[in-house]
Amino acid sequence: MKHNRYATEREKDFEQLLNRYKLALKVRCATWCRGNTERAKDAYQDILAELWQQMDSWRPDMSRKEESLWVLNVARRVLRSNYGKKKYKVVLCNDVEVFEKNINIEVCNRELIDELKTHLDDKNRMVVENILQGFTINDMAMMYGIEQKAMEKRRHRAIQKLTEKYNELYKK
């Protein structure tokens, strides 16, 4: 009996969530699928299914901003995993120049990096943001007050964590 009550509350929460984000999700699907309505409908259904499965990680006390980010991240993962565009290749590597070039090639890549950064701790998130802003190893070492070699290791670890999170979320 307790399980049925939880399922009903969950269904109610899910319905309210859909009421808030249905239009935004449909627009995102239509845009992602470039107007192919059948493909957009399939993408929307896949997103709904994934949102339902992820409802255990949704919290009723989330702010609207947190909730919106949560919904958007689920939608992005579904769209990239199931409806990914082959031409968008994301390269996460330890060569800063290649990393920075790749970020600037497609807006999609920057969105992905922004999403992945949310999964990093504050220290690694700041290092990645500094890389994206174009700071050199020397600049970052001075900002953090550490040796250049230590900064290189910190940069390497931050990019490695970003790569691990990408593989965890998208390389199923």
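Just above sits the structure.
The rules behind each value
- Throughout this document, residue positions are counted from 1 along each chain, in the order its sequence is written.
- Totals for whole chains, interfaces and linings use all residues, but because this is a predicted model, local features are given only for residues with pLDDT of at least 70 and pairs of side-chain atoms are given and counted only at 80 or more.
- Derived side-chain values reflect all non-hydrogen atoms in the structure, with water molecules and hydrogen atoms excluded from consideration.
- Numbering goes from the N terminus for both helices and strands, where a helix is a DSSP run of H or I of at least four residues and a strand is a run of E of at least two.
- We define a polar contact as two N or O atoms separated by no more than 3.5 Å, with the added condition that, inside protein, one atom must be a possible hydrogen donor and the other a possible acceptor, whereas residues neighbouring each other in sequence contribute only through side-chain atom pairs.
- In this description, contact between two residues means that some pair of their heavy atoms is separated by no more than 4.5 Å.
- Remark: nonpolar core denotes a set of buried residues (Ala, Val, Leu, Ile, Met, Phe, Trp, Tyr, Cys) joined through side-chain atoms within 4.5 Å.
- Categorising residues by exposure relies on relative accessible area from a 1.4 Å probe, with only protein chains included: less than 20% of the type maximum marks a residue as buried, more than 50% marks it as exposed, and the intermediate range marks it as partly exposed.
- Picture the helix axis, draw a direction to every C-beta atom, and the arc is the one those directions span.
- Cavity means a closed set of points on a 1 Å grid over the protein atoms alone, one where a 1.4 Å probe fits but cannot get out, pocket means an open set with protein on both sides within 12 Å along at least 5 of 7 lines, and lining means a residue has an atom within 4 Å of a point.
- Grid points are joined across faces, edges and corners, and a volume is the space filled by probe spheres set on the points.
- Gly falls in the polar group here, along with every residue not listed as nonpolar (Ala, Val, Leu, Ile, Met, Phe, Trp, Tyr, Cys, Pro) or charged (Asp, Glu, Lys, Arg).

Now for the side chain of Glu115. Of note, Glu115 is situated in helix α5 (residues 107-117). Within polar-contact distance, the side chain of Glu115 engages the side chain of Arg77 at 3.4 Å. For Glu115, the residues in contact, after removing those within four places along its chain, are Asn73, Arg76, Arg77, Arg80, Leu169 and Tyr170.

The biggest cluster of nonpolar side chains holds 24 residues, and the ones touching the most others in it are Leu25, Ile47, Leu51 and Trp70. Elements supplying a minimum of two residues to this core: α1 (2-32), α2 (37-53) and α3 (64-83). Dropping the residues within four chain positions of it, Ile47 is found in contact with Leu25, Cys29, Ala75, Val78 and Leu79. By size, the runner-up hydrophobic cluster in this structure holds 18 residues, among which are Ile113, Val127, Leu132 and Leu162.

Along helix α7 (residues 137-144), the residues classified as buried are Ile137, Met140 and Ala141. Looking down the long axis of α7, one finds its buried residues gathered within 100 degrees of arc, a one-sided arrangement. On the buried face of α7, the contacting elements are α6 (122-132) and α8 (148-170). Where α7 terminates, the next one or two residues include Gly145, which has phi positive at roughly 70 degrees.

Let us look at the layout of surface pockets. Taken as a whole, the second largest pocket holds about 240 Å³ of empty space. Among the residues forming the lining of the second largest pocket, the class breakdown is 3 nonpolar, 4 polar and 3 charged.

The next subject is empty space enclosed by the protein. Overall, the coordinates contain 1 cavity of 30 Å³ or more when judged by the stated rule. Along the walls of the largest cavity sit Arg28, Trp32, Arg76, Leu79, Arg80 and Glu111, which together make up its complete lining. Elements supplying a minimum of two residues to the lining of the largest cavity: α1 and α3. Here the element with the most residues in the lining of the largest cavity is α3; it accounts for 3 residues. Partitioned by chemical class, the residues of the lining of the largest cavity number 2 nonpolar, no polar and 4 charged.

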